[in-house]
Amino acid sequence: MKRLTILIAGVAAALSAGAEGWNEMAILARPDGNGGLSYDYDNLIQRTAFTNSLFFDYNNDGNLDLLIMASGADWRTPRDTKFLLLYENLGPDADYAMRRVPDSRTGFIQAADEAWLNPVTVGDVNGDGYTDIVTMTYRGDRCIDLYLNNGGDGSFTHSVIDNKAMTNGAVTLGDIDGDGNLDILANGWSADSNVKGMAIYLGHGDGTFTKTAPSPLWGTFEGHSTLADINGDGTLDIIMTGHGDSWSRHAKIFINTPGADGNPQFELIDSDKSGLTPLNLGDVLAADFNADGLTDLALCGNDGNATGVRMFYQNPDGTFTLDTTRPIVPVNTDGGINMADWDADGNMDIVVGGYIGTDAPQGCYSTPLRIYRNTSDANRRPEAPATVTARQAGDFIEITWSDGSDNVTPAQALRYNIFVRNDATGETFCVIPTDISNGNLKVGTDLATTVSGMRKSFRIRPFGDGTYTVGVQTLDQSFAPSAFTTAKIDVAGVSNVSNDSDEARIIVDGLTVTVTCPGVEGDSDIFIYRPDGSRCAVTCTGLPVTLPAPGIYIVAPAPNNHSMLTPRKIALHR
């Protein structure tokens with residue numbers, strides 16, 4: 001077994017929220033340029049506890065925005081106060097400050113899960129080039145909710161996917177059945193007697209889903225589940241921990257073995273065969289941490305005797321071996337772990353935050369926030385696809401590519417990240433937020449939303465007419481990225497307006513914009529904003545207005561406007 005060599009790089013966390021001196025808190029930390037972090041304690045982020053947070057780019061401007069699900073803790077804020085909040089990253093001109101998008105704009109239900117394990121996941125579920133949000137919440141009913149992104153303008157359309165779902169668990173997006181559409185894996189305490197704690201919601205590519213729970217799937221509560229390709233065959237498998245009946249603890253793997261009809265089927269590998277330690281109240285991370293081409297696991301949780309973080313390395317026969325040196329500091333069930341490539345060296349590093357607990361010699365009230373840097377030098381970055389092609393198919397761009405390659409990861413186990421950029425406006429969608437200039441991933445979350453090496457095709461609705469650059473990069477089992485291979489495509493005949501409808505339409509002619517709303521022409525004020533929120537024009541329905549320059553704008557009704565218009569993003573070209 002090759003072990004991960006690690007170095008404690010410093011006291012660190014991308015975002016920490018919890019209790020400080022018995023108060024809720026929020027700390028935003030950024031790289032300081034010297035291998036460490038600088039801490040922003042005076043940010044405008046809501047102070048919370050029992051917090052889940054993730055970074056994603058909701059408006060395609062290349063900056064990482066922040067999503068938070070949390071509650072109070074009966075210190076500054078009552079425990080029954082729930083939050084689902086979106087913060088826009090204002091970019092380099094504002095020193096990357098975070099500004100809260102008003103709840104009245106987002107349309108989020110202020111609710112949270114019973115626990116704080118993994119109740120939030122993001123990905124583009126309807127192929128429109130904007131990242132959507134799926135949540136697990138308890139609000140009398142146990143709900144899986146969908147928030148469809150309305151073109152990056154800060155508003156979302158809410159729908160309940162299932163109000164007899166599960167909570168106190170996890171939701172994860174990924175293409176489980178290999179049809180190119182994102183599906184939902186949900187695991188937790190079930191409200192549906194026909195589902196044993198775990199269900200798959202098969203996506204149809206339009207924001208709708210069908211619930212299924214094929215045997216032998218069954219789930220846990222107070223646990224975590226995630227999707228990863230454990231056996232390297234190009235399909236997403238399920239890894240699950242948590243409590244079962246009679247408070248038993250579990251660590252199970254469900255190997256995805258698709259049937260002849262393409263529908264997912266699963267083979268159960270229990271902990272007595274896999275070598276994993278049954279745990280509850282923790283996290284599951286999956287990546288090739290030691291660069292041998294096999295997916296390894298980092299499990300955080302309680303085994304009935306002690307809490308801790310355990311590194312399990314996969315063997316060629318599919319079993320796992322525990323690193324008994326326990327190289328990562330233990331954290332109690334109030335803490336957690338996550339991963340990202342902190343130093344952009346092609347190895348996934350691990351972030352640890354939370355209450356250490358009495359099992360640690362540092363003392364029961366110590367709450368370190370640390371980055372454990374993976375210093376293995378064995379991994380080589382994969383090679384990008386040799387060719388990428390893009391063609392317009394109706395209102396969509398279809399992207400295909402040849403195989404990438406890697407020295408240890410087999411071709412079918414490679415995954416692919418994609419970007420699509422409107423060259424005139426600069427608006428850029430990435431499946432996983434990435435610095436497209438060098439290929440480095442910006443986050444280590446929701447990696448199962450990338451495209452399988454068994455598929456090698458991607459379909460997306462462009463952001464209006466114009467010339468586009470598309471790019472495809474290879475990811476190995478370590479999620480080390482290649483550079484992007486790119487292609488150009490000219491798109492014509494596609495609306496330049498997001499969330500277009502017949503009730504209220506926006507007509508774009510060069511730099512001139514006209515808003516029409518049947519029955520209310522001329523008597524409703526319309527405001528036009530830049531992406532930074534500054535207002536640049538005021539007009540009325542039916543009255544054309546010419547904007548100063550090409551780019552992205554948001555068209556929204558004035559407060560006194562009661563028309564059918566909802567805020568919409570437009571892309572203007574000369």
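Residues numbered from 1 in each chain as written. Predicted model: local features only at pLDDT ≥ 70, side-chain atom pairs only at ≥ 80, totals over all residues. Heavy atoms only, no water.

**A look at the overall build of the chain**
Regarding its fold elements, the chain presents two helices and 44 strands. Taken across its 574 residues, the chain has 57% of its residues classed as buried. Expressed as a percentage of contacts within the chain between residues at least 6 apart in sequence, the contacts between residues at least 24 apart total 54%. Summing over all exposed atoms, the chain offers an accessible surface of approximately 22,000 Å²; the carbon and sulfur share of this is 49%. (Helix = DSSP H or I, 4+ residues; strand = E, 2+ residues; numbered from the N terminus. Buried < 20%, exposed > 50% of the residue type's maximum accessible area, 1.4 Å probe, protein only. Contact = heavy atoms within 4.5 Å. Areas by Shrake-Rupley, 256 points an atom, 1.4 Å probe, with all protein chains shown as cover.)

**Observations concerning the pattern of salt bridges**
Counted according to the given criterion, the structure contains 15 salt bridges. One salt bridge in this structure joins Arg-391 and Glu-398, with 2.8 Å as the shortest N-O distance. Assessed through its relative accessible area of 49%, Arg-391 is described here as partly exposed. Note that Lys-488 is salt-bridged to Asp-423, the shortest N-O span being 2.7 Å. Residue Lys-488 is found in strand E37 (residues 485-491), and its partner Asp-423 is found in the loop between strand E30 (415-422) and strand E31 (428-430); the two are separated by 65 residues along the sequence. (Salt bridge = Lys/Arg side-chain N within 4 Å of Asp/Glu carboxyl O.)

**Brief notes about the packing of aromatic side chains**
Counted according to the given criterion, the structure contains ten aromatic pairs. Plain terms: the ring middles of Phe-108 and Tyr-147 are 4.9 Å apart, the flat faces sit at 70 degrees to each other, and that makes the pair edge-to-face. With Phe-108 in the loop between helix H1 (103-106) and strand E9 (120-123) and Tyr-147 in strand E11 (residues 141-149), this residue pair connects regions lying 39 residues apart in the sequence. Exposure remark for Phe-108: the relative accessible area of 6% places this residue in the buried category. With a centroid separation of 4.8 Å and 75 degrees between ring planes, the pair formed by Trp-189 and Phe-221 is classed as edge-to-face. With Trp-189 in strand E14 (residues 183-190) and Phe-221 in strand E17 (residues 221-228), this residue pair connects regions lying 32 residues apart in the sequence. Cluster of aromatic residues (ring-pair linked, three or more members): Phe-108, Tyr-147 and Phe-156. (Phe/Tyr/Trp six-rings, centres within 6.5 Å; stacked < 30°, edge-to-face > 60°.)

**Examining the nonpolar core**
Core analysis: the largest hydrophobic core is formed by 57 residues, its most contacted members being Phe-289, Ile-350, Ile-399, Trp-401, Ile-418 and Phe-458. The element best represented in this core is strand E36 (residues 466-475), accounting for four residues. When residues are assigned to domains, this core turns out to be shared by domain 1 (50-213) and domain 2 (388-491), each giving three or more. By size, the runner-up hydrophobic cluster in this structure holds 17 residues, among which are Val-134, Ile-144, Leu-146 and Leu-148. (Core = buried A, V, L, I, M, F, W, Y, C linked by side-chain atoms within 4.5 Å. Domains from an automatic or database assignment.)

**Concerning the sheet that holds strand E42 (residues 545-546)**
Pairing within the open sheet is antiparallel, and its three strands lie in the order E38-E39-E42. Edge strands, defined here as strands with exactly one partner in the open sheet, are strand E38 (505-509) and E42. Sheet topology note: the E38/strand E39 (residues 512-516) ladder contains five bridges and is antiparallel. By the bridge assignment for E39, Arg-505 is matched with Thr-516. (Pairing = 2+ DSSP bridges.)

**Notes on the sheet that holds strand E6 (residues 65-71)**
What the four strands build is an open sheet, ordered E5-E6-E7-E8; its pairing is antiparallel. Only two strands of the sheet have a single partner each, and these edge strands are strand E5 (49-56) and strand E8 (98-100). Adjacent strand axes in the sheet meet at a mean angle of 25 degrees, parallel and antiparallel pairs treated alike. (Axes fitted to C-alpha atoms, helices over the stretch in contact; angles between N-to-C directions.)

**Quick notes on the environment of Lys-442**
Looking at the secondary structure, you find Lys-442 in the loop between strand E33 (440-441) and strand E34 (451-452). Judged by relative accessible area, Lys-442 falls into the partly exposed class, the value being 36%. With residues up to four places along the chain from it excluded, the contact list for Lys-442 reads Gly-62, Leu-64, Pro-433, Thr-434 and Asp-435. A polar contact is formed between the side chain of Lys-442 and the backbone oxygen of Gly-62, at a distance of 2.6 Å. (Polar contact = N/O pair within 3.5 Å; in protein donor to acceptor, adjacent residues only side chain to side chain.)

**Some details on the confidence of the model for the chain**
In the predicted model, the chain carries a mean pLDDT of 88, and the fraction of residues at 70 or more is 90%. pLDDT under 50 marks residues 1-21. Its contacts with residues more than four places away, or in other chains, come to 76 contacts. Low pLDDT, under 50, characterises residues 360-364; the predicted model gives this stretch eight contacts beyond four residues in sequence or across chains. (pLDDT = per-residue confidence, 0-100.)

**Some points on unusual backbone geometry**
A cis geometry characterises the amide bond from Ser-215 onward to Pro-216, with omega recorded as 10 degrees. A positive phi angle, near 55 degrees, is found at Asp-446, a position not held by glycine. In this structure, Asp-446 sits in the loop between E33 and E34. On the basis of relative accessibility, which here comes to 16%, the residue Asp-446 falls in the buried class.

**A word on the environment of Pro-78**
Looking at where Pro-78 falls in the secondary structure, it is placed in the loop between E6 and strand E7 (82-89). In this structure Pro-78 comes out as partly exposed when scored by relative accessible area, which is 43%. For the pair Pro-78 and Thr-48, spaced 30 residues apart in the sequence, the C-alpha separation amounts to 10.0 Å. The residues touching Pro-78, leaving out its near neighbours within four places in the chain, are Gly-72 and Ala-73.

**Examining the pairing of strand E21 (residues 284-287)**
Residues of E21 alternate between two faces, with Val-284 and Ala-286 on one and Leu-285 and Ala-287 on the opposite face, all of them buried. Note that E21 and strand E22 (residues 296-302) share four bridges and pair antiparallel. Paired with Val-284 across the strands is Leu-299, a residue of E22.

**Brief notes about the environment of Gly-234**
Relative to the helices and strands, Gly-234 is located in the loop between E17 and strand E18 (237-243). Taking the C-alpha atoms as reference, Gly-234 lies 5.9 Å from Gly-453; in sequence the two are 219 residues apart. Ignoring sequence-local partners within four residues, the contact set of Gly-234 consists of Asp-229, Gln-412, Ala-413, Arg-415, Ser-452 and Met-454.

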